[in-house]
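# Structural overview for review
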Amino acid sequence: MILIGENLNIMSQNISSALKGREPKPIQDLVKAEVAAGVDLIDINIGPARKGGDELMAWAVKTVQAVTDKPLSLDTTNLVAMEAGLKMHQGKALINSISPARLAVGLPLVKNYKAAMIGLLWGEEGMPRDANERGMIAAELIYKANEVGVANEDIWIDPIAGPVSVDVSQLNACLEFMSMLGELAPGCKSTVGLSNVSNGTPTHLRPHLNRAYLIMLMRYGLTSAIVDAFDPELILIARGQKPGIVDLVYRVMDGEKLDLSALSEEEVAYVKTVRVLIGETVYSHSWLEI
Ligand code: THG
């Protein structure tokens, strides 16, 4: 499992002001901590960055690469800023992300800078409705990328996971799509913004959802994830260090009726959380208590 650390992003108050003020220290401290926590790539999310995004992304890439050899995932919808970041980046960068509507401008960047790309399955009508629609968008995206010489190994497909509190059926669709991807496009990688799933959930409960859904996605072959680097339990799961919990999650996915009174508190939390994620229990903020 390849882990992309999500923490360097403009939504964070303290990072936002460090980016705006061009202060290296808070950014470099965060990146060092992400690397120490065990992530493989660092996502730099500067948002839409409409004004001066190019200069900002170039500065951010330089600032981050001064303290780590890890490759960077450049996260912005501003493709001028993207190019400025790619120009500065040493080694193989990951472009986060290119949707079908942006292929015409995005693919030349992948080629010219020998980068990898996240192919975001955002359709012409927005969020795909189900697994099949994701499959169709992916097939077309991969075809067009291959056509200009981008190899499957450099395409990381993101089926777009949304918040469980909004629509659990979309999480099921992502799982189903993941099980199709290997056949659809051998050699392609995959990724998911895992923390999206727990968006809108009380902060202290978010890791339960992120961890359980990661296990579920890994069962279907997910090869990478964009994650909170500072959830040590999540890192252990990604590194295959929680085999007992993984087995338990699989049993719940398979519909096994478990006797909760025979399980530890940790195990009960996983069981209840998976039941929410498969739609067996309706989501509410108090799902762990019922
Ligand atoms: N796919 C791809 N890229 C993505 C996403 C995706 N990039 C952005 C996002 N989704 C993944 N990254 C994050 C980063 C932070 C949070 C969620 C997803 C998050 N942050 C907390 C919050 O907003 O409440 C805390 C912010 C803070 O540090 O203060 O939830 O799906 N390809």
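Before any of the text, the structure's been laid out above.
These lines cover the structure that appears in this document, whether it is placed above or below.

Thresholds applied
- Residues numbered from 1 in each chain as written.
- Predicted model: local features only at pLDDT ≥ 70, side-chain atom pairs only at ≥ 80, totals over all residues.
- Heavy atoms only, no water.
- Helix = DSSP H or I, 4+ residues; strand = E, 2+ residues; numbered from the N terminus.
- Buried < 20%, exposed > 50% of the residue type's maximum accessible area, 1.4 Å probe, protein only.
- Contact = heavy atoms within 4.5 Å.
- Areas by Shrake-Rupley, 256 points an atom, 1.4 Å probe, with all protein chains shown as cover.
- Arc of directions from axis to C-beta.
- Near = heavy atom within 4 Å.
- Polar contact = N/O pair within 3.5 Å; in protein donor to acceptor, adjacent residues only side chain to side chain.
- Nonpolar A, V, L, I, M, F, W, Y, C, P; charged D, E, K, R; others polar.
- Pairing = 2+ DSSP bridges.
- Axes fitted to C-alpha atoms, helices over the stretch in contact; angles between N-to-C directions.
- Core = buried A, V, L, I, M, F, W, Y, C linked by side-chain atoms within 4.5 Å.
- Phe/Tyr/Trp six-rings, centres within 6.5 Å; stacked < 30°, edge-to-face > 60°.
- Salt bridge = Lys/Arg side-chain N within 4 Å of Asp/Glu carboxyl O.

## Quick word on the overall build of the chain
Counting its secondary structure elements, the chain contains 11 helices and 8 strands. Counting only C-alpha atoms, the chain reaches 55 × 40 × 30 Å along its principal axes. Scored against the burial criterion, the 290 residues of the chain give a buried share of 51%. By sequence separation, contacts in the chain at least 24 residues apart represent 65% of the contacts at least 6 residues apart. Of the roughly 13,100 Å² that the chain leaves accessible, carbon and sulfur atoms contribute 53%.

## Thoughts on helix α10 (residues 243-253)
Side chains of residues three or four places apart in an α-helix project in the same direction, reflecting 3.6 residues per turn. For α10, the full list of buried residues reads I245, L248, V249, V252 and M253. All buried residues of α10 fall inside an arc of 140° around its axis, so they share one side. In α10, the exposed positions angled more than 90 degrees off the buried face are occupied by P243 and G244. If you follow the buried residues of α10, they end up packed against α8 (206-219) and α11 (265-277). G255, located one to two residues past α10, shows a positive phi value of around 85°.

## With respect to the site of the ligand
Looking at the ligand, there are 14 residues lining it, with D75, N96, D158, N196 and R206 nearest. Between the ligand and D75 there is a distance of 2.9 Å, counted from a nitrogen atom to a side-chain nitrogen or oxygen. In the environment of the ligand, a nitrogen atom lies 2.6 Å from a nitrogen or oxygen atom belonging to the side chain of D158. Protein contact buries 70% of the 670 Å² of open area that the ligand shows by itself. Class assignment for the residues of the shell around the ligand results in 3 nonpolar, 7 polar and 4 charged.

## Some details on the environment of F177
Within the secondary structure, F177 sits in helix α7 (residues 168-184). Along the primary structure F177 and V246 are separated by 69 residues, whereas in three dimensions their C-alpha atoms are 20 Å apart. Setting aside residues up to four positions removed in sequence, F177 forms contacts with L121, A131, R134, G135, A138, I157, P159 and L184.

## Points about the sheet that holds strand β8 (residues 224-227)
Read from one edge of the open sheet, 8 strands run β7-β6-β5-β4-β3-β2-β1-β8, paired in parallel fashion. Pairing within the sheet leaves two strands with one partner each, and these edge strands are β7 (189-190) and β8. Inspection of the sheet shows strand β1 (residues 2-5) paired to β8 by 4 bridges, in the parallel sense. By the bridge assignment for β8, I2 is matched with S224. Lying on the sheet, helix α4 (residues 79-88) is in contact with β2 (41-47), β3 (72-76) and β4 (94-98); it crosses β3 at an angle near 160°.

## Some words on the nonpolar core
The biggest cluster of nonpolar side chains holds 86 residues, and the ones touching the most others in it are L8, I44, I155, Y213 and L277. Ranked by residue count, the leading element in this core is α8, at 7 residues. When near neighbours in sequence (up to four residues on either side) are disregarded, I44 contacts L8, M57, A60, V61, V64, L72, S73, L74 and D75. I4, L94, I118 and W156 belong to the second largest nonpolar core, which has 7 residues in total.

## Concerning the packing of aromatic side chains
For the structure shown, the criterion picks out 1 aromatic pair. With a centroid separation of 5.5 Å and an interplanar angle of 40°, the aromatic rings of Y283 and W287 are classed as tilted.

## A look at the pattern of salt bridges
When their charged atoms lie close together, side chains carrying opposite charge are able to pair. Using the criterion set out here, one finds 14 salt bridges in the structure. Its salt-bridge partner being D29, residue K25 comes within 2.6 Å of it at the nearest N-O pair. Remark: D29 and K25 occur in helix α2 (residues 24-37); sequence separation between them is 4 residues, near one turn of the helix. Its relative accessible area of 56% is what places K25 among the exposed residues. Close ionic contact of D40 with R239 constitutes a salt bridge, the shortest N to O distance being 3.1 Å. Placement of the pair is D40 in the loop between α2 and β2 and R239 in the loop between α9 (232-238) and α10, with a sequence separation of 199 residues. Assessed through its relative accessible area of 23%, D40 is described here as partly exposed. On the accessibility criterion, R239 (32% relative accessible area) is partly exposed. The network of salt bridges with shared partners includes E125, R129 and E133.

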